[in-house]
Amino acid sequence: MPASDTFNAILNLMPVLFIWLLGLIFAVVVLTFIFDVTQSKNAILKNYPVIGHFRYLFSNLGEFFRQYFFAMDREEMPFNRAEREWVNRASKGKDNTIAFGSTKNLNVPGSTIFINCPFPTLDSDAVKTKVVTIGEGYSEHPYAAQSIFNISGMSYGAISKPAVLALSNGARKAGCWMNTGEGGLSPYHLEGGADLVFQIGTAKYGVRNEDGSLSQKKLKKVAQHDQVKMFELKVSQGAKPGKGGILPGVKITAEIANIRDIPEGQDSISPNRHIEASNAGELLDLINRVRDITKKPVGFKTVIGHTRWLEALLVEVNKRGAGSAPDFITVDGGDGGTGAAPMALMDNVGLPLKEALPLVVDTIMQCGLEDRIKVIASGKMITPADVAWAICAGADFVTSARGFMFAIGCIQSLKCNKNTCPTGITTHNKRLQKGLNPKSKAEKVKNYVDNMTKTVETIAHSCGVKEVRRLNRTHVRIVQINGKSIPMNELCPICPEGENHESI
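Presented here is a report on the structure given in the accompanying data block.

Cut-offs used in this document
- Residues numbered from 1 in each chain as written.
- Predicted model: local features only at pLDDT ≥ 70, side-chain atom pairs only at ≥ 80, totals over all residues.
- Heavy atoms only, no water.
- Helix = DSSP H or I, 4+ residues; strand = E, 2+ residues; numbered from the N terminus.
- Buried < 20%, exposed > 50% of the residue type's maximum accessible area, 1.4 Å probe, protein only.
- Contact = heavy atoms within 4.5 Å.
- Areas by Shrake-Rupley, 256 points an atom, 1.4 Å probe, with all protein chains shown as cover.
- Salt bridge = Lys/Arg side-chain N within 4 Å of Asp/Glu carboxyl O.
- Pairing = 2+ DSSP bridges.

Some thoughts on the overall build of the chain
Along its length, the chain carries 17 helices and 15 strands. A total of 504 residues make up the chain; the buried ones form 48% of that total. Pairs at least 24 residues apart make up 68% of the contacts formed inside the chain by residues separated by at least 6 positions. Total accessible area on the chain stands at roughly 24700 Å², and carbon and sulfur atoms take up 56% of it.

Structural data, given as structure tokens:
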């Protein structure tokens, strides 16, 4: 058949197809109308058949439109566009300067303002950030940590194989550590070659007996890996303080089930706490048991509600001796994280890091253990100002999970718990994972750490100190409810009256 005849046949057929399409649409509308008016479960659909469905469509599209069209640079939660864009540019190694003035409102209570020095540090006078050793003198294998900024706990299971590979390879390139999260030690953590902190959650994934208790044999086997530098007991985390981890069954593949020692395809809900630790003394016993088995530094991660229990723990340390102390304490903010969690806990339980971190540092200093116990700050710390504030408050290190998720491509679609993550980071759907290239994303992780470190150093030099670890509470002011700021060392004093601080 000539081409012209084929074309004419198609043209003649199009009106028929159009009529069929209109008929199909009409039939769908009629059937939907009948279903809506006869059902009794949804008042909106019964009272407004057919058009009531648009309410749910617009509601689902609302997240998209707010993020890309309507929200201002500093409006979105949990992370605004300005913060995400800083991470994006830093991870790509792009210029991170801006023009025409800041878009940040510095009158908001709680905002931090660093105190610039009239005679800032010259680049020629700056010194490299000091290496801090964790567990020195108290562990057979102390850990000399090179980086102030590291990867927080994200387990294989909560995040995907290519995401773990990207992060572990990137951490090796950047010289920072990577926390495994509570999901056990996967081959992909080891494949990247990074320094690892093995997190022991309340379910003891990867190091558990059948009854959920700690397996000495399995723990010792994990500790034999040279890459595993420290162990962290997860007492609680910001996403769900007071409740164990939640991993939906749809994310539990055969491989993940094998790594965690749990059934495949079934929801895995961890106990609310370690069954071995019902008080401060028992927590110390568990810490020391893990350290005796592993011969490596051991600490714990917690969200702070009040500090009385922490005071009791540190008083007990002083009774037993400094050797019984945790080598580090990771302080997590109570305002959420990447994992699946009840909204009531994520929104309303546990202190935010801005309040909790100074409390923990002060409590440790009051007990005279600041040289023994290192402090790690965790929770929504993704920009240089966040990290510099934490160091000023008294943290030795800062860890971030969501910052590194942004670095490898997260778009804050808020689908972490649904196995439908469009960027392949928190899904085990092979099709969705294809877009996440571990090799290229590892470079972004390295760039993110490098640019974070460089910019925190810039803040430190602007404050007149030669090295980041010399930042303290005299170098930052906190905006109060009246719009005026006061020095952090006056808001949260930790030194005896009259003690001299480094000049600013």
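Things to note about the pattern of salt bridges
For the structure on display, the rule yields 11 salt bridges. In this structure, Arg-320 engages Asp-285 in a salt bridge whose closest nitrogen and oxygen atoms are separated by 2.7 Å. Taken as a pair, Arg-320 in helix H10 (residues 308–320) and Asp-285 in helix H9 (residues 280–294) lie far apart in primary sequence, 35 residues in all. Note on Arg-320: relative accessible area 37%, which makes it partly exposed. By relative accessible area, Asp-285 is classed as partly exposed at 40%. Of the charged contacts in the structure, one is a salt bridge between Asp-332 and Lys-301, with a shortest N-O distance of 3.8 Å. One end of the pair, Asp-332, is in strand E11 (residues 328–332); the other, Lys-301, is in strand E10 (residues 298–303), and 31 residues separate them in sequence. Assigned by exposure class, Asp-332 and Lys-301 land together as buried.

Observations regarding helix H4 (residues 81–91)
By the burial criterion, the buried members of H4 are Arg-81, Arg-84, Trp-86, Val-87, Ala-90 and Ser-91. Once H4 ends, the next one or two residues include Gly-93, with phi positive near 75°.

Details of the pairing of strand E13 (residues 397–400)
The alternating pattern of E13 places Phe-397 and Thr-399 and Val-398 and Ser-400 on opposite faces, both of which are buried. Strand direction decides the pairing type here: strand E4 (residues 149–151) and E13, joined by three bridges, are parallel. Bridge assignment links Asn-150 to a residue of E13, and that residue is Thr-399. Across three bridges, the pairing between strand E12 (residues 374–378) and E13 is parallel.

Taken by themselves, the reported measurements are silent on function.
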